[in-house]
Amino acid sequence: MELIGLANYAIFLGILIGIYALLSLGLNIQWGFTGLFNAGIAGFFAIGAYTTAILTSPHLPGRVGGFEMPILVGWAGAMIVAGLIAWPIGKICLRFRSDYLAIATIGVAEIIRLAIRTEEWLTGGTRGITGIPRPFGDLPYVQSQLAYLVIVALAVLIVYLLVERQLHAPWGRMMRAIRDNEGAAAAMGKRIEARRLQAFIFGSTLMGLAGALFVHFNRSITPEAIDPMIATFLIWIMLILGGSGNNRGAILGAVVIWTIWSVSEILTDRLPTEMAIQAKYVRVFIIGLMLQLVLRFRPEGILPEERRTRTAPPG
Amino acid sequence: MKSKITAGLVASLLGAVLFTAPAHAQNQRIALLSGISGPIAAMAPAMLEAMQLAVRHVNEQGGIGNGGRLEFVIGDDACNPQNATDAATKAVNIDRVIGMVGPACSGAVIAAANSVTIPAGVLMITSSGTSPQITKLNDRDLVFRTVPSDDYQGRALARTLKERGMDKVAVAYVNNDYGKGLADAFKDEFESVGGTLAGFSGHEAGKASYRSDLAQLARGGADTLVVFDYGDGSGLTILRQALENNFFKNFVGADGMKSDAVIRELGADNLKTFFTSAPVGEASASLDAFNQAFAAAGHDPNAIFATTSYDAAFLMALAIEKAGGDRAKLSEALRSVSTEPGEPIMVGEWAKAKQLIAEGKDINYKGAAGDHAFDENGDVPGNYSFFKVSGTTYEAIAEMH
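Residues numbered from 1 in each chain as written. Chains lettered and ligands numbered in written order. Predicted model: local features only at pLDDT ≥ 70, side-chain atom pairs only at ≥ 80, totals over all residues. Heavy atoms only, no water.

**Student:** Got a minute to help me understand the overall build of chain A in this structure?
**Tutor:** Regarding its fold elements, chain A presents twelve helices and two strands. In chain A, the succession of α and β elements from N to C terminus is α-α-α-α-α-β-α-α-α-α-β-α-α-α. Its C-alpha atoms give chain A a radius of gyration of 20 Å, near enough to 20 Å, the size a compact globule of 315 residues would have. The dimensions of chain A, computed from C-alpha atoms along their principal axes, are 70 × 50 × 30 Å. Buried positions account for 56% of the 315 residues belonging to chain A. Put simply, of all contacts in chain A between residues at least 6 apart along the chain, 77% involve residues at least 24 apart. Here chain A displays about 13600 Å² of accessible surface, and carbon together with sulfur accounts for 69% of that area. Here chain A contributes 26 positive and 19 negative side-chain charges, whose respective centroids are spaced 10 Å apart. (Helix = DSSP H or I, 4+ residues; strand = E, 2+ residues; numbered from the N terminus. Rg over C-alpha atoms; globule rule 2.2 N^0.38 Å. Buried < 20%, exposed > 50% of the residue type's maximum accessible area, 1.4 Å probe, protein only. Contact = heavy atoms within 4.5 Å. Areas by Shrake-Rupley, 256 points an atom, 1.4 Å probe, with all protein chains shown as cover. Lys, Arg positive; Asp, Glu negative; His and termini not counted. Charge placed at Lys NZ, Arg CZ, Asp CG, Glu CD.)

Laid out in structure tokens, this is it:
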């Protein structure tokens, strides 16, 4: 009995880690490879989430959408729309240097959040959208969770392989060149702005996909889910702790942070009630402390970026 | 490095298994979820205290079943879906709870119900999720609430205004699930009973000036403004600016506006045409008993959602007792202990209830927040009164239906 429960919890943990890993991989493309400080992850997460919600949920009077399309169409739509919205945003904002870009993207994410809360004809406003189908959602509890874990794991695997391939291709080397020395890259004829825009859009589509996976898991989406704390800053911590510039680091960061966040509570719940409640506030503190320690003692993260330093051939 | 982390993970999971070794067979465990961290952190302590008071009442008066105790585990939903599903999954799978009281915010309730408790067949009673969306959940009769949906108050207020001859009104609401939920229900009902809405607009909380919003609303020609907002927040600003600029003559608010801050800041003299609706626990022996017990425990009985939280936890305990600890019969048992016919049970009367259940007699819990006669969606109708300002406080002038 207990073991089944534990396994079931582990499955749930895996699903959320997978979703966060996708967000972290998306951010890794933007920050890790290209050096774009995107502090508006929640915005693209939300766009993906709402796009698939609108495409696949049943019809409701007074709201656009409810097309009851197949779930795969919803996911593709989520990626496409997140990318399409990232394009003009990137076009305007990517001219900024890193910290200004961060401020601009925070603003963009806030605009997206407020638009979602207000534009009821499209997003259901503050009530959100419910009744979204979950693949294999009709199976019993455990089987349904397991099926969803397989889907999420497959998505993470495919995305990881593609991003990894892209990173080792000339494209990845070019992006790192742009990140590390823009002037030199420009002098070699690389189109800096177009490439940065490319990375921004690419990363945003992955964030959109993560939003879509999240929505179908919960069968609902409400504006509370796009809180910057859990949909932007937590992902930054994951990437920095795991190791920015390294895809496995990005995934590992998601595993470590979400596990600490969730599993620590199981342990602290064994404490007397008063302390157990206080321990829940301490969790937030521990995550912050870990970030400080990593930045102080291991700024490159747990799994640092692999730098293939090849000595120049003799002669 | 990686293997170390894996080892650490395995160790902590194993630790969890050891710690959760099966409790005494007759004990029953429930989960108490609230928004301990996050936007409603200020409300959560009182809610949790009220739930724990109910558990104490149960355990002090004979416990559950044949000598078992009611245990609880507390979870933090942080008022968002991510943390709510996480806390609910742990409660259901690791702690093997039989029922769940909470989570606190509507978005958290919907997500936790959809992806955890409904698939797992666990009964959920929320004491503070007020969104009308919760009514529509396809819940296999597993989601209940002891707090009325915002729908009820909005509709009751619409009917009351129409009865009192306010046929043409403008509505300003704060754009969150509270304000929006009330405003939508109000609009729907007001138009269907033949009233005219001369303006209807939402606003964001916390702005310095709402004069342009008010001017826009006043253009419709109504002399009554209905404000769905908070009286110690932007609702106060709206009321002040509407009075200063003479945009409207009459003002009506819902429970959020029934705040002492309004009278303190604006003065009773300026508020002769200000009315509010608010839920009233039926002035009952049960409410008195709760107030007394909660104050004796050192907490403020007027804290928001304290009464509904107590009732939710107490009803959960009654249902478990009635169902004999059988998870599958829990929702049926909950309906049975909360509706007519049956011997009335007041707050704190666990021993009496336990005895009657053991004798096979029907009981009907009359809670601190009301009778909790659940409808087929698991919702409760609220009891509301219509208030005017009188001196430094509010005075009920009529019941609302």
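Structure shown, so let's carry the discussion forward.
**Student:** Sorry if this is basic, but what is going on with the side chain of Thr117(B) here?
**Tutor:** Residues and elements named next belong to chain B. Of note, Thr-117 is situated in helix α4 (residues 106-120). Here Thr-117 falls in the buried class, since its relative accessible area comes to 0%. Not counting residues up to four positions away in its chain, the partners in contact with Thr-117 are Val-92, Met-100, Ala-112, Val-122, Met-124 and Leu-142.

**Student:** I keep staring at the pattern of salt bridges and nothing clicks. Help me out?
**Tutor:** If charged atoms from side chains of opposite charge come close, those side chains can pair. All chains considered together, the criterion is met by 36 salt bridges over all chains. When the shortest N-O distance is used, the salt bridge between Asp141(B) and Arg335(B) registers 2.8 Å. Pair noted here: Asp141(B) is in the loop between β4 (123-126) and β5 (143-145) and Arg335(B) is in helix α12 (residues 330-338), with a separation of 194 residues, a long-range link. Among the residues examined, Asp141(B) registers a relative accessible area of 24% and is labelled partly exposed. Put simply, Asp371(B) and Lys366(B) hold a salt bridge, and the shortest N to O gap is 3.5 Å. Salt bridges sharing partners connect three or more residues here, namely Glu265(A), Asp269(A), Lys280(A), Arg283(A), Asp76(B), Asp86(B) and Lys90(B). (Salt bridge = Lys/Arg side-chain N within 4 Å of Asp/Glu carboxyl O.)

**Student:** Teacher, can you tell me more about the side chain of Arg127(A) here?
**Tutor:** Along the chain, Arg127(A) falls in the loop between α5 (120-123) and β1 (129-130). Judged by relative accessible area, Arg127(A) falls into the buried class, the value being 15%. In this structure, Arg127(A) is in contact with Thr222(A), Ser131(B), Pro132(B), Gln133(B), Lys180(B), Gly181(B) and Asp184(B), ignoring residues within four places of it in sequence.

**Student:** When you look at the sheet that holds strand β7 (residues 196-203) of chain B in this model, what are you seeing that I'm missing?
**Tutor:** The pairing of strands in a sheet happens through backbone hydrogen bonds and is either parallel or antiparallel. All names here are of chain B. Strand order in the open sheet made by the seven strands is β7-β6-β8-β9-β10-β13-β14, with mixed pairing throughout. Unpaired on one side and paired on the other, β7 and β14 (393-400) mark the two borders of the sheet. Averaged over neighbouring strand pairs, the angle between their axes works out to 25° when direction is ignored. Where strand β6 (residues 168-174) lies against β7, seven bridges are found, and the strand directions are parallel. Counterpart to Val-169 in the pairing with β7 is Leu-197. With respect to the sheet, helix α6 (residues 177-192) is in contact with β6, β7 and β8 (224-228), its orientation differing from that of β6 by roughly 160°. Packed onto the sheet, helix α8 (residues 234-244) meets β6, β7, β8, β9 (250-253) and β10 (274-279) and runs at close to 165° relative to β8. (Pairing = 2+ DSSP bridges. Axes fitted to C-alpha atoms, helices over the stretch in contact; angles between N-to-C directions.)

**Student:** Whenever I open this one, the packing of helix α11 (residues 247-268) of chain A against helix α12 (residues 273-297) of chain A confuses me. Can you help?
**Tutor:** The description of two packed helices rests on the angle between their axes and on the distance between the axes. Residue and element names in this part refer to chain A. Two elements in contact, α11 and α12, have axes whose closest approach is 10 Å; the angle formed by their N-to-C orientations is 155°. The angle between the axes of α11 and α12 places the two elements in the roughly antiparallel class. Here α11 and α12 pass one another in a crossing that is right-handed. Along the contact surface, α11 presents Val-256, Ile-257, Ile-260, Trp-261, Ser-264, Glu-265 and Thr-268, while α12 presents Ala-276, Ala-279, Lys-280, Arg-283, Val-284, Ile-286, Ile-287 and Met-290. Here the contact of α11 with α12 is built from residues that sort into ten nonpolar, two polar and three charged. (Parallel < 35°, antiparallel > 145°, perpendicular 65-115°, else oblique. Left-handed = near helix turned anticlockwise from the far one by under 90°. Nonpolar A, V, L, I, M, F, W, Y, C, P; charged D, E, K, R; others polar.)

**Student:** Help me out: how do you make sense of the interface of chain A and chain B in this one?
**Tutor:** Interfaces are often sized by the accessible area lost when the parts come together. On the side of chain B, 54 residues touch chain A, which itself brings 49 residues to the contact. Summing the contributions of chain A and of chain B, the shared interface buries around 4800 Å²; its carbon and sulfur component is 59%. The largest per-residue losses of area from chain A upon contact with chain B belong to Arg127(A), Tyr141(A) and Arg270(A), which jointly make up 16% of the total buried on that side. The tally of links from chain A across to chain B stands at five salt bridges. The salt bridge partner of Arg283(A) is Asp76(B), with a shortest N-O separation of 3.5 Å. Our enumeration of links across chain A and chain B arrives at 16 residue pairs in polar contact (both at pLDDT 80 or more). Mapped by element, the contributors of at least two residues to the side of chain A that touches chain B are α1 (2-33), α4 (98-118), α6 (141-168), α9 (192-218), α11 and α12 of chain A. With ten residues, the single largest contributor to the side of chain A that touches chain B is α11(A). Classifying every residue of the side of chain A that touches chain B gives 23 nonpolar, 13 polar and 13 charged. (Buried area = accessible area lost by both parts, 1.4 Å probe. Polar contact = N/O pair within 3.5 Å; in protein donor to acceptor, adjacent residues only side chain to side chain.)

**Student:** Help me understand the pairing of strand β13 (residues 384-390) of chain B in this model?
**Tutor:** Consecutive side chains of a regular strand alternate in pointing toward one face of the sheet and then the other. Residue and element names in this part refer to chain B. Burial runs high along β13: five of the seven residues are buried. One ladder, built from five bridges, connects β10 with β13; its direction is antiparallel. Directly across from Thr-276, in β13, lies its bridge partner Phe-387. As judged from the seven bridges shared by β13 and β14, these two strands associate in the antiparallel manner. The residue of β14 that forms the bridge with Phe-387 is Ala-396. Between β13 and β14, which pair antiparallel one after the other, the connecting turn spans two residues, and Gly-391 there sits at a positive phi close to 65°.

**Student:** What should I look at first to understand the confidence of the model for chain A in this one?
**Tutor:** Close inspection of predicted coordinates is inappropriate in any region flagged by low pLDDT. Across chain A, pLDDT averages 90, with 97% of residues at or above 70. The element-level mean pLDDT for chain A is lowest in α12(A), coming to 85, with helix α2 (residues 41-56) of chain A highest at 96. (pLDDT = per-residue confidence, 0-100.)

**Student:** I keep staring at the packing of aromatic side chains and nothing clicks. Help me out?
**Tutor:** Two descriptors summarise a pair of aromatic rings, namely the distance from one centre to the other and the angle between the planes of the rings. Scanning all chains against the criterion turns up 19 aromatic pairs over all chains. When the centroid spacing of 5.0 Å and the interplanar angle of 25° are considered together, the rings of Tyr20(A) and Trp258(A) count as stacked. One end of the pair, Tyr20(A), is in helix α1; the other, Trp258(A), is in helix α11, with 238 residues separating them in the sequence. The exposure classification of Tyr20(A) matches that of Trp258(A), with both residues buried. Judged by centre distance (5.7 Å) and plane angle (65°), the ring pair of Phe186(B) and Phe228(B) falls under edge-to-face. Of this pair, Phe186(B) sits in helix α6 while Phe228(B) is found in strand β8, placing the two residues 42 residues apart along the sequence. You'll find Phe186(B) and Phe228(B) in the same group, each marked buried. Within the aromatic cluster, the residues linked to one another by ring pairs are Phe290(B), Phe294(B), Tyr310(B), Phe314(B), Trp350(B) and Tyr365(B). A cation sits over an aromatic face here: Arg283(A) above Trp261(A), 4.4 Å from the ring centre. The ring of Phe200(B) carries the charged tip of Lys187(B) above its face, separated from the ring centre by 5.3 Å. (Phe/Tyr/Trp six-rings, centres within 6.5 Å; stacked < 30°, edge-to-face > 60°. Lys NZ or Arg CZ within 6 Å of the ring centre and 35° of its normal.)

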